[in-house]
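Residue-level structure breakdown
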Amino acid sequence: MGSSQPLWREDQSHPASETFASWVVVLWSPGSQLSPSSHDAHFCPQTNPAGPMAGENQTQMTEFMLLGFSHGQPFFFVLFLAIYLATLLGNSAILTLVSLDPHLHSPMYFFLSHLSCLDICYSSVTVPKILANALRPQATISYRGCLAQMFFLMGCAGAECALLAVMAYDRYAAICQPLRYTHAMNRGVCVVAAVSCWLWGMLDSAVHTILASRLSFCGAVRLQHIFCDVPPLLSAACSNTRPSQVALHAASVFVGLSPFLLVVVSYLHILATIFRMPMATGRRKAFSTCSAHLLVVALYFMTANLNYNRPSSGYSAAADTLVSALYCIITPMLNPLIYSLRNQEVLRALRKAVWGRGTPGSPGSNA
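Residues numbered from 1 in each chain as written. Predicted model: local features only at pLDDT ≥ 70, side-chain atom pairs only at ≥ 80, totals over all residues. Heavy atoms only, no water.

With respect to the overall build of the protein chain
Quick reminder of the rule: The helix and strand labels rest on DSSP assignments: H or I over at least four residues marks a helix, E over at least two residues marks a strand, and numbering proceeds from the N terminus. We call a residue buried when its accessible area falls under 20% of the maximum for its residue type, exposed when it is over 50%, and partly exposed in between, using a 1.4 Å probe and counting protein chains only. The contact criterion used throughout is that any non-hydrogen atoms of two residues lie within 4.5 Å. Per-residue and other accessible areas were derived by the Shrake-Rupley procedure at a 1.4 Å probe size, with only the shown protein chains allowed to occlude residues.
Helices and strands together make up the secondary structure of the protein chain, namely eleven helices and five strands. Relative to its 367 residues, the protein chain shows a buried fraction of 49%. Residue pairs in contact within the protein chain that sit at least 24 positions apart in sequence constitute 79% of those at least 6 positions apart. Per element, the accessible surface of the protein chain, about 17800 Å² overall, is 67% carbon and sulfur.

Details of a nonpolar patch on the surface
This is how it is decided: Patch definition: residues above 30% relative accessible area lacking any salt bridge, with like charges linked at up to 9 Å and the nonpolar side chains Val, Leu, Ile, Met, Phe, Trp and Tyr linked at up to 5 Å. The salt bridge criterion pairs a side-chain nitrogen of Lys or Arg with a carboxyl oxygen of Asp or Glu, the two atoms within 4 Å.
On the surface, a nonpolar cluster with roughly 830 Å² of combined accessible area is contributed by W200, L203, V253, F254, L257, F260, L261, V264 and L268. Elements that contribute at least two residues to the nonpolar patch include exactly α6 (187-213) and α8 (242-275). The leading source of residues in the nonpolar patch is α8, at seven residues. Position of L261 among the secondary structure elements: in helix α8. For L261, a relative accessible area of 44% puts it in the partly exposed group.

Some details on the state of the cysteines
Under the convention used in this document: Criterion for a disulfide: a pair of cysteine sulfur atoms within 2.5 Å.
This structure, assessed with the given rule, holds two disulfides. A disulfide bridge connects C146 with C228, and the sulfur atoms are separated by 2.0 Å. Here the disulfide of C146 and C228 is left-handed, its torsion about the S-S bond being about -115 degrees. Within this pair, whereas C146 is found in helix α4 (residues 143-176), its partner C228 is found in the loop between β5 (222-223) and α7 (230-236), the two being separated by 82 residues in sequence. When the cysteines engaged in disulfides are numbered in sequence order, the protein chain pairs them as 1-3, 2-4.

So, the packing of helix α2 (residues 73-100) against helix α3 (residues 107-134)
This is how it is decided: Only the contacting stretch of a helix is used when fitting its axis, a line to C-alpha atoms as for every element, and angles between N-to-C directions run 0 to 180 degrees. Every angle not falling under 35 degrees, over 145, or within 65 to 115 is termed oblique; those three ranges are roughly parallel, roughly antiparallel and roughly perpendicular. In this scheme, a crossing is called left-handed if the near helix is turned counterclockwise away from the far one by less than a right angle; it is called right-handed if the turn is clockwise. When residues are sorted by character, Ala, Val, Leu, Ile, Met, Phe, Trp, Tyr, Cys and Pro go into the nonpolar class, Asp, Glu, Lys and Arg into the charged class, and all the rest, Gly among them, into the polar class.
Two numbers describe how α2 lies on α3: the axes approach to 9 Å, and their chain directions differ by 160 degrees. As judged from the angle between their axes, α2 and α3 are roughly antiparallel. When you trace α2 past α3, the crossing you get is left-handed. In the contact of α2 with α3, the residues fall into 17 nonpolar, eight polar and one charged.

Section: the packing of aromatic side chains
Two descriptors summarise a pair of aromatic rings, namely the distance from one centre to the other and the angle between the planes of the rings. Stated formally: Centres within 6.5 Å are what make two rings of Phe, Tyr or Trp a pair, Trp counting through its six-membered ring; a difference in plane orientation under 30 degrees is then read as stacked, over 60 as edge-to-face, and the rest as tilted.
Throughout the structure, instances matching the rule amount to eleven aromatic pairs. Residues F151 and F152 carry aromatic rings whose centres are separated by 5.2 Å and whose planes lie at 80 degrees to one another, so their mutual orientation is edge-to-face. An aromatic cluster is defined as three or more aromatic residues linked by ring pairs; in this entry it consists of Y122, F260, Y300, F301 and Y327.

Some details on the environment of L79
Among the structural elements, L79 can be located in helix α2. C-alpha of L79 to C-alpha of L131: the two residues are 52 residues apart in sequence and 9.6 Å apart in space.

Some points on the sheet that holds β5
Hydrogen bonds between backbone atoms are what pair the strands of a sheet, whose relative direction is either parallel or antiparallel. Convention followed: Any two strands with at least two DSSP-identified bridges between them are counted as paired.
Read from one edge to the other, the open sheet built from three strands follows the order β4-β3-β5, with strand pairing classed as mixed. Edge positions in the sheet fall to β4 (140-142) and β5, since each has one partner strand and no second. Relative to β4, strand β3 (residues 63-66) runs antiparallel, the two sharing three bridges. Note on β4: the bridge partner recorded for E63 is S142.

What to know about the pattern of salt bridges
Under the defined criterion, the tally for this structure stands at one salt bridge. Note that R171 and D170 form a salt bridge whose closest N and O atoms lie 3.0 Å from each other. A single burial state applies to R171 and to D170, both of which are buried.

A short note on the pairing of β3
With burial as the criterion, each face of β3 is covered, one bearing E63 and M65 and the other bearing F64 and L66. Relative to β5, β3 is paired through two bridges, and the arrangement is parallel. In the strand pairing of β5, M65 is matched with R222.

Focus: the nonpolar core
Note on soluble globular proteins: their nonpolar side chains tend to be buried together. Put simply, the test is: Residue types Ala, Val, Leu, Ile, Met, Phe, Trp, Tyr and Cys, when buried and joined through side-chain atoms within 4.5 Å, form a set referred to as a nonpolar core.
Ranked by internal contacts, the top residues of the largest apolar core, which has 84 residues, are F64, F111 and I329. For this core, the element with the highest residue contribution is α4, accounting for 20 residues. Look past the residues within four positions of F64 in its chain and what remains in contact with it is A139, T140, I141, S142, Y143, C146, F217, V221, L223 and L233.

Some remarks on the side chain of S205
Here S205 lies in helix α6. The buried category is assigned to S205, whose relative accessible area is 0%.

Points about the side chain of T87
Tracing the backbone shows T87 in helix α2. For T87, a relative accessible area of 0% gives the class buried. Ignoring anything within four residues of it in the chain, the contact list for T87 reads D119, S123, I329, P332 and M333.

Below you can see the structure in the form of structure tokens.
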């Protein structure tokens with residue numbers, strides 16, 4: 001069979017932000033199809049006789065076309081720019097308040113600051129590239145950039161699942177075992193727990209990225225999506241995707257379902273303890289500290305489950321794009337709003353930062 005000619009060339013250079021996951025792929029998967037010589041052409045024919053598509057040309061990609069938003073790019077540019085700025089502003093405010101207000105120097109807000117940092121990373125992995133593509137006639141992403149985006153996106157996803165479980169355990173220890181809370185959640189334990197969440201997410205992400213780097217693609221690949229993620233890559237691949245599918249289902253159990261079950265068990269114990277409290281004031285205070293976290297958990301795990309465990313058929317490209325946008329873009333913007341509106345201590349710290357301590361007539365002042 002005659003060799004195919006390149007369809008087009010890629011003129012842009014790869015920024016430094018796209019290289020980290022590529023190094024992971026090169027170091028960990030020497031048999032992958034990533035090589036320096038593949039940078040110039042859109043694809044090069046490559047035969048894989050051992051694969052399920054034996055005898056057909058499979059390609060070595062350097063660029064993907066993103067077809068998630070084929071119309072209305074100016075509208076989506078303004079929309080996603082507003083969402084991104086709101087995400088940065090809200091989560092940066094949480095980080096600043098936790099850092100400056102001594103009343104927020106507790107394990108609960110220490111973990112909340114890490115959640116805000118994760119949400120900033122979430123949005124920064126996807127939204128800037130979406131904004132850049134919205135200004136171009138054809139939305140594209142380089143092969144290495146796609147792997148890098150997927151690596152950091154999956155890393156943030158795994159870390160946030162683990163962090164929400166740790167935050168649930170923190171609330172359990174504070175409400176159900178108050179006498180042991182100071183010892184159980186001391187500074188050293190909190191730091192180890194937070195670092196472990198980040199490392200757990202990066203480890204899970206590395207597995208998915210390595211497996212994705214071994215996929216083969218036929219022809220010019222068009223992803224029905226607005227950014228790179230595992231499900232659209234598996235749909236576009238023409239080689240055996242079973243290892244990636246198995247890894248994705250395993251991650252759904254160990255990275256997604258297990259933390260969710262830990263959250264559920266923790267809050268069942270918390271609710272049982274709250275209902276045994278004799279004072280209504282104590283019950284209200286306990287509910288106020290837990291309600292914000294419960295809303296964040298419900299929103300995050302529901303959209304994550306829809307994103308990674310929906311059926312392979314029966315969903316339109318528009319529905320896939322909407323679910324992914326809710327999961328990766330909208331949720332990080334809503335988290336600081338939920339915590340600031342549902343948590344009295346955060347509201348008090350915000351009023352203090354805006355109007356100052358003891359300003360007469362200011363909301364929340366004693367005057």
